[in-house]
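Residues per chain are reported as follows:
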Amino acid sequence: MLLNDVRRDYLLDRWVVIATARRKRPTDFISKREVRRESKCPFCPGNEHMTPPATLVYLSSRGSILKETEHGDTRFRDWLIRCVPNLYPAFSPPGEDVDLEVDDSGSGCVRRAAVGHHEVLIESPIHDEHLGSARIIQLIHVINACIDRYRYLSSRPYVKYVSIFRNYGADAGASLSHAHTQIMAVPFIPKIVSEELGSSRRFWSVNEECIFCNVIKMEMDGPRFVWANKSFVVFAPWASVHPFEFWIVPREHQNIISEMDEGEIRDLAEAMRVCFGGLKRLLNDPSYNLGFHMARREYYHWHIEVYPRLAIWAGFEKSTGTYINVVSPEDAASNLREAFQEEEEIIHSGSPS
Ligand SMILES: [Zn+2]
Ligand SMILES: [Zn+2]
Ligand SMILES: [Zn+2]
């Protein structure tokens, strides 16, 4: 009888059962997608007044980008990118009377004010211009706007971590279908990032090198390799928690996204287009979440983790933090590799870029 694998993550003390015994193929995951259309989309051009004033707007001005901020009732038209505060924020900037101290009475119940920021980055004036079909030039604007907001938010004194993430599709928790990314600036370092930081720091101090740079070396020529260009490599991680999970990692050792130069930003835009176009092609446009992991620490290596939402987590996963993945990362990689190659050929054959 074929035994399943139990694998530990590169950095986290997290175990996953790779259930190879019940091998599944991409077609086993394809389900009908429900097409929803909001009656009036608050992110579409013409409806700018439905959102709070933008913290950042990109306008096109004679071939270059003009960056603006909105105040009061002013709303810019003909924008390329808008970044606005979330209408129902989980974290809000501190008012003058907010007590920022941590309240820890020793009872085990620790509280502090949920200070921070919660913004929505509207990626395009075109409702459906999602990563998998976007023009490369538009994706470059999206990445640049993420960098601008990251720089600003991470420099606030009450902010300890800035999370940039994207929910796509109803199964992934997206409540609006207009192409958008979310940014949350929070007053603590979230658990997964904190654990990754701890492992990276220990590896760096023992080996005088970066654990991620090592992982890249190993995965580049292995069975989990998916795709690469000059600046980025994509692979299915060794202990993938989600079926068809993949990570996008810069080949250079970089701590945060604002270290990318223009060429690397372009290469990331291309990588996004290839990856998400390929994912759509392989699994009939599945819901997914993606998240950036980054930190201003010399021993840390930023990356993007992508989690297609194809599995339902139940009692075992939720109560133990241990996962069962029914697609081995090696199988996932071989399917993703083929789909991404096809996507790349289509992009380069001159269809809209
Ligand atoms: Zn829209
Ligand atoms: Zn590195
Ligand atoms: Zn990570």
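One can find the structure itself at the top, above this paragraph.
Residues numbered from 1 in each chain as written. Chains lettered and ligands numbered in written order. Predicted model: local features only at pLDDT ≥ 70, side-chain atom pairs only at ≥ 80, totals over all residues. Heavy atoms only, no water.

Draft legend 1. Representation of the overall build of the chain. The secondary structure content of the chain amounts to six helices and 16 strands. Compactness check: the chain gives a C-alpha radius of gyration of 21 Å against a globular reference of 20 Å for 353 residues, within 12% of the reference. With the C-alpha coordinates of the chain rotated into their principal frame, the extents come out at 70 × 60 × 40 Å. In the chain, buried positions account for 52% of the 353 residues. In the chain, the proportion of contacts linking residues at least 24 apart, taken out of those at least 6 apart, comes to 69%. Of the accessible surface of the chain, which amounts to about 17,200 Å², a share of 51% is contributed by carbon and sulfur atoms. A gap of 3 Å separates the mean positions of the 41 positive and 48 negative side-chain charges of the chain. (Helix = DSSP H or I, 4+ residues; strand = E, 2+ residues; numbered from the N terminus. Rg over C-alpha atoms; globule rule 2.2 N^0.38 Å. Buried < 20%, exposed > 50% of the residue type's maximum accessible area, 1.4 Å probe, protein only. Contact = heavy atoms within 4.5 Å. Areas by Shrake-Rupley, 256 points an atom, 1.4 Å probe, with all protein chains shown as cover. Lys, Arg positive; Asp, Glu negative; His and termini not counted. Charge placed at Lys NZ, Arg CZ, Asp CG, Glu CD.)

Draft legend 2. Structural detail: the nonpolar core. In this structure, Phe246, Ile248, Ile257, Phe276 and Phe340 are the most contacted members of the largest nonpolar core, which totals 67 residues. Here this core takes eleven residues from helix α4 (residues 262–283), the largest share from any one element. Excluding residues within four positions of it along the chain, Ile257 makes contact with Cys146, Ile147, Tyr150, Ile164, Phe292, Met294 and Trp302. Listed in part, the twelve residues of the second largest apolar core include Leu11, Phe212, Val233 and Trp247. (Core = buried A, V, L, I, M, F, W, Y, C linked by side-chain atoms within 4.5 Å.)

Draft legend 3. Spatial organisation of the layout of surface pockets. Put simply, the largest pocket is a space of about 880 Å³. Arg14, Ile192, His242, His293 and Tyr307 are, among the 36 residues lining the largest pocket, the residues nearest its centre. At six residues, strand β9 (residues 161–168) tops the list of elements feeding residues into the lining of the largest pocket. Grouping the constituent residues of the lining of the largest pocket by class yields 20 nonpolar, seven polar and nine charged. (1 Å grid on protein atoms, 1.4 Å probe; cavity = no way out; pocket = protein on both sides within 12 Å on 5 of 7 lines; lining within 4 Å. Points joined across faces, edges and corners; volume = space filled by probe spheres on them. Nonpolar A, V, L, I, M, F, W, Y, C, P; charged D, E, K, R; others polar.)

Draft legend 4. How the structure looks around the sheet that holds strand β16 (residues 323–325). Strands sit in the order β1-β2-β16 across an open sheet of three strands; the sheet is mixed. Strands at the two margins of the open sheet, each flanked by one partner only, are β1 (5–8) and β16. Between one strand and the next, the sheet's axes are offset by a mean angle of 30°, whatever the strand orientation. (Pairing = 2+ DSSP bridges. Axes fitted to C-alpha atoms, helices over the stretch in contact; angles between N-to-C directions.)

Draft legend 5. Molecular detail of the coordination of the zinc ion (ligand 3). Protein-derived coordination of the zinc ion (ligand 3) comes from Glu196 (OE), Glu196 (OE), His293 (ND1), His303 (NE2) and Glu305 (OE), at a distance range of 2.0 to 2.6 Å. Within one chain, the residues serving as donors to the zinc ion (ligand 3) are arranged as E-x96-H-x9-H-x1-E. Here His293 is found in strand β14 (residues 288–293), whereas its partner Glu305 is found in strand β15 (residues 303–308), with twelve residues between them in sequence. As far as the burial class goes, His293 and Glu305 line up, both buried. (Donors = N, O, S within 2.8 Å, 3.2 Å for Na, K, Ca; no water.)

Draft legend 6. Geometry of the coordination of the zinc ion (ligand 1). Donor atoms from the polypeptide that coordinate the zinc ion (ligand 1) comprise Cys41 (SG), Cys44 (SG), His127 (ND1) and His178 (ND1), at 2.0 to 2.3 Å from the metal. Around the zinc ion (ligand 1), the four donor atoms sit at angles spanning 105 to 118°, and that spread fits a shape best called tetrahedral. Taken in sequence order, the residues that donate to the zinc ion (ligand 1) follow the motif C-x2-C-x82-H-x50-H. Of this pair, Cys44 sits in the loop between β2 (15–18) and β3 (56–61) while His178 sits in the loop between β9 and β10 (180–186), and the two are 134 residues apart along the sequence. Here Cys44 matches His178 in class, with each residue buried. (Tetrahedral: all angles 85-135°; square planar, octahedral: opposite > 155°, others 65-115°.)

Draft legend 7. Structural detail: the sheet that holds strand β8 (residues 117–122). In space, the eleven strands of this open sheet follow the order β4-β3-β5-β8-β10-β9-β14-β15-β13-β12-β11, with antiparallel pairing throughout. Bordering the open sheet on either side are β4 (64–68) and β11 (225–228), each of which pairs with just one other strand. This sheet shows a mean twist of 20° between the axes of neighbouring strands, independent of strand direction. Those strands touched by helix α3 (residues 211–220) are β11, β12 (232–235), β13 (246–250) and β15, and its axis lies near 65° from that of β12. Of the strands in this sheet, β11, β12, β13, β14 and β15 touch α4, which is tilted by about 170° from β13.

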